Amino acid sequence: MPELPEVETVMRAMAGRLLGQVIARAELRRADLRRPVPPDLVAALTGARVSGFRRRAKYILMRLAGGQSVLWHLGMSGRILLMPPGANVPEPAHCHLLLMTEAGFRLGFIDPRRFGLVDLVASGAEDAHPLLAGLGPEPLEEGFTPARLAASLAGRQSPIKSVLLDQRVVAGLGNIYVAEALFRAGLHPARLAGDISRAGTTRLVAAIRETLTEAIAAGGSSLRDYVQPDGELGYFQHAWRVYGRAGAPCPVCPGAPRCAGVARFVQAGRSSFYCPRRQR
């Protein structure tokens, strides 16, 4: 599933093409996505001017001038395809929603497995939407501080990796970027969250910010279905230090005594990657 950097990349591309544009036509081809599409979606979109964009966790909010926001979630296989005016781009299969602006831009929401969703919410009540209410702080915003994270970890007897994947603790993180951030912070993914020191929490906040910032600059990580809205791949997978690299030399301590390289183990049904020498 696309994580925060991939969703941020998609949102920025949408904003670059659609901000200020008027949607001349909306075509809903399939209404049975992960959740039923609101019956008034097409009416809300038709003739509306796009006034803003916001990302919350792994969700995109496209604000309309009339006071409503379109909530997008890509799910497992969903993607946004943006087509400029006059582009001779054949319409892909599994395009469930197509938007056309007065200037000729086209946006297609493609989702072969239909695990994504599109919904409507009042712009002034976005954070009260059932999918957004209760989400934790955004890791790239000022509110995500070592003190706040330390308070969330205090007394927790669950592994730090599991706690960071909890969207109520920090919003938008997934398996890839938690693995990479824990490596940078020098923390073992099985370390109990409540045992992490204040210094460790400070390192972890900095590592999360650095990892996400670098991933966004690289257009995210292309793994299986994810591509950017212009069809280009993300490139951060080439900068992974531990994720998916079991058996490879540790990029920080290659050849060092007692370092056998990147290791993998299964944690709560998902693969965890780490350096046994560096991460404690």
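In the block above lies the structure referred to throughout.
What counts and what doesn't
- Residues numbered from 1 in each chain as written.
- Predicted model: local features only at pLDDT ≥ 70, side-chain atom pairs only at ≥ 80, totals over all residues.
- Heavy atoms only, no water.
- Helix = DSSP H or I, 4+ residues; strand = E, 2+ residues; numbered from the N terminus.
- Rg over C-alpha atoms; globule rule 2.2 N^0.38 Å.
- Buried < 20%, exposed > 50% of the residue type's maximum accessible area, 1.4 Å probe, protein only.
- Contact = heavy atoms within 4.5 Å.
- Areas by Shrake-Rupley, 256 points an atom, 1.4 Å probe, with all protein chains shown as cover.
- Phe/Tyr/Trp six-rings, centres within 6.5 Å; stacked < 30°, edge-to-face > 60°.
- Pairing = 2+ DSSP bridges.
- Axes fitted to C-alpha atoms, helices over the stretch in contact; angles between N-to-C directions.
- Salt bridge = Lys/Arg side-chain N within 4 Å of Asp/Glu carboxyl O.
- Parallel < 35°, antiparallel > 145°, perpendicular 65-115°, else oblique.
- Left-handed = near helix turned anticlockwise from the far one by under 90°.
- Nonpolar A, V, L, I, M, F, W, Y, C, P; charged D, E, K, R; others polar.
- Patch = residues over 30% accessible without salt bridge, like charges linked within 9 Å, V, L, I, M, F, W, Y side chains within 5 Å.
- Core = buried A, V, L, I, M, F, W, Y, C linked by side-chain atoms within 4.5 Å.

Student: Would you mind showing me how to read the overall build of the chain here?
Tutor: From N to C terminus, the chain includes 6 helices and 10 strands. Relative to the globule expectation of 19 Å for 280 residues, the C-alpha radius of gyration of the chain, 20 Å, shows essentially globular dimensions. With respect to the three principal axes, the spread of C-alpha positions in the chain is 65 × 40 × 30 Å. Every one of the 280 residues in the chain was classed for burial, and the buried ones make up 52%. Across the chain, contacts joining residues at least 24 apart in sequence account for 66% of those joining residues at least 6 apart. Element-wise, carbon and sulfur atoms account for 52% of the exposed surface of the chain, whose accessible area totals about 12,100 Å².

Student: So what exactly am I meant to see when it comes to the packing of aromatic side chains here?
Tutor: Any pair of aromatic rings gets described here by the distance separating the centres and the angle formed by the planes. Taken as a whole and assessed by the stated rule, the structure comprises 4 aromatic pairs. Consider the rings of W240 and Y243, whose centres lie 4.9 Å apart with planes at 85°: the pair is edge-to-face. Note on W240: relative accessible area 13%, which makes it buried. Measuring from centroid to centroid gives 5.5 Å for F265 and Y274, while their planes differ by 90°, and the two rings are edge-to-face.

Student: In this structure, what is going on with the sheet that holds strand β1 (residues 23-28)? I would like to understand it.
Tutor: For sheets, the rule is that strands pair by backbone hydrogen bonds, running either parallel or antiparallel. Strand order in the open sheet formed by 4 strands is β1-β6-β7-β5, with antiparallel pairing between adjacent strands. The sheet is open, and its two borders are formed by β1 and β5 (79-83), each paired with just one other strand. The average angle at which neighbouring strand axes cross in this sheet is 15°, direction not considered. Both β1 and strand β6 (residues 95-101) contribute to a ladder of 5 bridges, which runs antiparallel. When the bridges of β6 are listed, L28 appears paired with L97.

Student: Help me understand the pattern of salt bridges, please; the structure alone is not making it clear to me.
Tutor: Side-chain pairs of opposite charge can arise whenever the charged atoms involved come near each other. Using the criterion set out here, one finds 15 salt bridges in the structure. One salt bridge connects R55 with E8, and the closest N-O pair in it is separated by 2.7 Å. With R55 in strand β2 (residues 50-56) and E8 in helix α1 (residues 4-18), this pair connects stretches of sequence that are 47 residues apart. Judged on exposure class, the residue R55 and its partner E8 are both buried. Among the salt bridges present, the one from R184 reaches E210, with a minimum N-O distance of 4.0 Å. Of the two residues, R184 is situated in helix α5 (residues 175-185) and E210 in helix α6 (residues 198-217); the sequence distance between them amounts to 26 residues. The class of R184 is buried, set by a relative accessible area of 12%. Given the relative accessible area of 41%, E210 is considered partly exposed.

Student: What should I look at first to understand unusual backbone geometry in this one?
Tutor: Both trends apply: most residues other than glycine have a negative phi, and most peptide bonds are in trans. In the Ramachandran plot, A57 falls in the positive-phi region, its phi being about 55° despite a non-glycine side chain. Within the fold, A57 resides in the loop between β2 and β3 (59-64).

Student: What is the right way to look at the packing of α1 against α6 in this model?
Tutor: The description of two helices packed together rests on the angle between their axes and the distance between the axes. Taken N-terminus to C-terminus, the directions of α1 and α6 make an angle of 40°; their axes are 9 Å apart at the nearest point. Relative to α6, α1 is oriented oblique. Read as a crossing pair, α1 and α6 show a hand that is right-handed. Residue-level contacts link L4, P5, E8, T9 and R12 of α1 to L212, A215 and I216 of α6. Within the contact of α1 with α6, the residues separate by chemical class into 5 nonpolar, 1 polar and 2 charged.

Student: Help me out: how do you make sense of a nonpolar patch on the surface in this one?
Tutor: There is a patch of nonpolar side chains on the surface, built from M1, M76 and F115 and spanning about 280 Å² of accessible area. For M1, a relative accessible area of 47% puts it in the partly exposed group.

Student: For this particular structure, what's the right way to read the nonpolar core?
Tutor: In globular proteins that are soluble, nonpolar side chains generally tend to be buried together. Ranked by internal contacts, the top residues of the largest apolar core, which has 38 residues, are L149, I160, L164, L204 and I208. Listing elements by their share of this core, those giving two or more residues are α3 (146-153), α4 (160-165), α5 and α6. Apart from residues lying up to four places away in sequence, L204 is in contact with L149, I160, L164, A181, L182, A185 and L187.

Student: Would you explain the sheet that holds strand β8 (residues 117-122) in this entry?
Tutor: Strand order in the open sheet formed by 4 strands is β2-β3-β4-β8, and the pairing between neighbours is antiparallel. Each edge of the sheet is formed by a strand with only one pairing partner; in this case those strands are β2 and β8. Adjacent strand axes in the sheet meet at a mean angle of 25° when their direction is disregarded. Sheet analysis places β2 next to β3, joined by 6 bridges and oriented antiparallel.

Student: Looking at this model, I keep getting lost on the packing of α3 against α6. Mind explaining?
Tutor: Interaxial distance between α3 and α6 falls to 9 Å at its minimum, and their mutual angle equals 120°. As the angle between them shows, α3 and α6 are arranged oblique. The interaxial crossing formed by α3 with α6 has right-handed handedness. Mapping the contact onto sequence places P146, A147, L149, A150 and L153 in α3 and R198, T201, T202, L204 and V205 in α6. For the contact of α3 with α6, the per-class residue count stands at 7 nonpolar, 2 polar and 1 charged.

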